[in-house]
Amino acid sequence: MPDKTQTRRAMIGGGVLTVAAAGALATRAAPRLVGGTGLEGRAIRAIGVETARVNYQGRPALRALALENVAALDRLVVLDTPAFGDGVIEAWISGAPSATASATARGFVGVAFRVQDEARLEAIYLRPTNGRADDQLRRNHTVQYISHPEYPWERLRAEAPAQYETYVDLEPGRWFHVRITVAGTKAQLHVDGVEQPTLIVGDLKHGAEAKGGVALWIGPGTLAHFSDVQVMS
């Protein structure tokens, strides 16, 4: 990663991790690893997904298959971490349409933060099948910020076109690394270690003081994999 200072090693989810101080939060105290996420054991809670521990493309991983006919607004794997307000979340993730997915499935996969009561959350997710689509408009919708329940993607796209979504090069089923930095009402997404953020959200809808859980986010019709999840605050 770009900032390699103050590194140390930890074990989460069966993989060896390198944890680095976050330069993006330079005006605040350097984030610290807040402990295990629960992926290394059974201390996770799945909502609307079926999970299993597997090896996927050379990495120990948590597989998450989106279930159909789910009443909840979001399909989540809630991690076993303290309440998260400001800090950094990193993970290797992969998403692809499942075998039974509809033609509109995009392999939706991402990370939710400041999760409250499972229905109130902020999240940044990706649509991997859009990354190399022939349609430029679809490419422009590869990355998405949402704030449930008040601001789903449909409302954000209608009221502020292009402000809360953007393009990044992705392929379905391939591992890619995400780093989400949250500070007050601002969040930044970095993909695959690129120094400049792929997406900047300057007005997180739940406000600067919001706190809550951290969860892996899976969209409908998705087969997702997660590895080496880190939560720092």
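Please refer to the structure higher up on the page.
Caption draft 1: The overall build of the protein chain, seen in detail. Across its full length, the protein chain carries two helices and 16 strands. Looking at the protein chain as a whole, 52% of its 233 residues are labelled buried. Nonlocal contacts in the protein chain, meaning residues at least 24 apart in sequence, comprise 66% of its contacts between residues at least 6 apart. Summed over all atoms, the accessible surface of the protein chain reaches about 10,400 Å², with 50% contributed by carbon and sulfur.

Caption draft 2: Region of the structure containing the pairing of strand β8 (residues 109–116). Most of β8 sits inside the fold, with seven of its eight residues counted as buried. As consecutive antiparallel partners, β8 and strand β9 (residues 120–126) are separated by three residues, and within that stretch Asp117 has a phi angle of approximately 55 degrees, a positive value.

Caption draft 3: Local environment of the side chain of Arg75. Following the sequence through the fold, Arg75 ends up in strand β6 (residues 75–78). For the buried Arg75, no salt bridge is present, and the opposite-charge side chain at shortest range is Asp74, 7.9 Å distant. Among the polar contacts listed, one links the side chain of Arg75 to the backbone oxygen of Leu67, at a separation of 2.9 Å.

Caption draft 4: Quick peek at the sheet that holds strand β11 (residues 165–166). Strands sit in the order β3-β6-β15-β8-β9-β10-β11 across an open sheet of seven strands; the sheet is antiparallel. Where the open sheet ends on each side, the last strands, each with one partner, are β3 (45–47) and β11. In terms of strand pairing, β8 meets strand β15 (residues 213–218) through six bridges, oriented antiparallel. Within β15, the position partnered with Phe113 by the bridge is Val214.

Caption draft 5: Just the environment of Tyr145, in detail. Following the sequence through the fold, Tyr145 ends up in strand β10 (residues 143–148). On the basis of relative accessible area, Tyr145 is assigned to the buried category, the value being 0%. For the pair formed by Tyr145 and Leu189, sequence separation is 44 residues and the distance between their alpha carbons is 9.8 Å. In this structure, Tyr145 is in contact with Glu122, Ala123, Ile124, Leu156, Tyr164, Leu199, Val201, Asp203, Leu204 and Lys205, ignoring residues within four places of it in sequence. A polar contact is formed between the side chain of Tyr145 and the side chain of Glu122, at a distance of 2.3 Å. Engagement of the side chain of Tyr145 in a polar contact is seen with the backbone nitrogen of Lys205, the distance being 3.1 Å.

Caption draft 6: Representation of the sheet that holds strand β14 (residues 199–201) in the model. Strand order in the open sheet formed by seven strands is β4-β5-β16-β7-β12-β13-β14, and the pairing between neighbours is antiparallel. Unpaired on one side and paired on the other, β4 (49–56) and β14 mark the two borders of the sheet. If you compare each strand with its neighbour and ignore which way they point, the axes differ by 25 degrees on average. As judged from the eight bridges shared by β4 and strand β5 (residues 59–66), these two strands associate in the antiparallel manner. Its bridge partner being in β5, Arg53 is matched across the sheet by Leu62.

Caption draft 7: Up close: unusual backbone geometry. Cis geometry marks the peptide bond from His148 to Pro149, where omega comes out at 10 degrees. As for its placement among the helices and strands, Pro149 is situated in the loop between β10 and α2 (153–159). Even without a glycine there, the phi angle at Asn69 is positive, about 55 degrees. Here Asn69 is to be found in the loop between β5 and β6.

Caption draft 8: Summary view of the packing of aromatic side chains. Enumeration over the complete set of coordinates arrives at four aromatic pairs. The interplanar angle of 75 degrees and the centroid separation of 5.5 Å between the aromatic rings of Tyr56 and Trp175 together place this pair among those described as edge-to-face. Of this pair, Tyr56 sits in strand β4 while Trp175 is found in the loop between β11 and β12 (176–183), placing the two residues 119 residues apart along the sequence. Given a relative accessible area of 19%, Tyr56 falls into the buried group.

Caption draft 9: Highlighting the pairing of β5. If you look at the hairpin formed by β4 and β5, you'll find two residues sitting between the two strands, and Gln57 has a positive phi there, around 50 degrees. Of the strand pairs in this sheet, β5 and strand β16 (residues 222–232) are connected by four bridges, and their pairing is antiparallel. Counted as the bridge partner of Leu62 is Phe226 from β16.

What counts, and at which threshold
Residues numbered from 1 in each chain as written. Predicted model: local features only at pLDDT ≥ 70, side-chain atom pairs only at ≥ 80, totals over all residues. Heavy atoms only, no water. Helix = DSSP H or I, 4+ residues; strand = E, 2+ residues; numbered from the N terminus. Buried < 20%, exposed > 50% of the residue type's maximum accessible area, 1.4 Å probe, protein only. Contact = heavy atoms within 4.5 Å. Areas by Shrake-Rupley, 256 points an atom, 1.4 Å probe, with all protein chains shown as cover. Pairing = 2+ DSSP bridges. Lys, Arg positive; Asp, Glu negative; His and termini not counted. Salt bridge = Lys/Arg side-chain N within 4 Å of Asp/Glu carboxyl O. Polar contact = N/O pair within 3.5 Å; in protein donor to acceptor, adjacent residues only side chain to side chain. Axes fitted to C-alpha atoms, helices over the stretch in contact; angles between N-to-C directions. Phe/Tyr/Trp six-rings, centres within 6.5 Å; stacked < 30°, edge-to-face > 60°.

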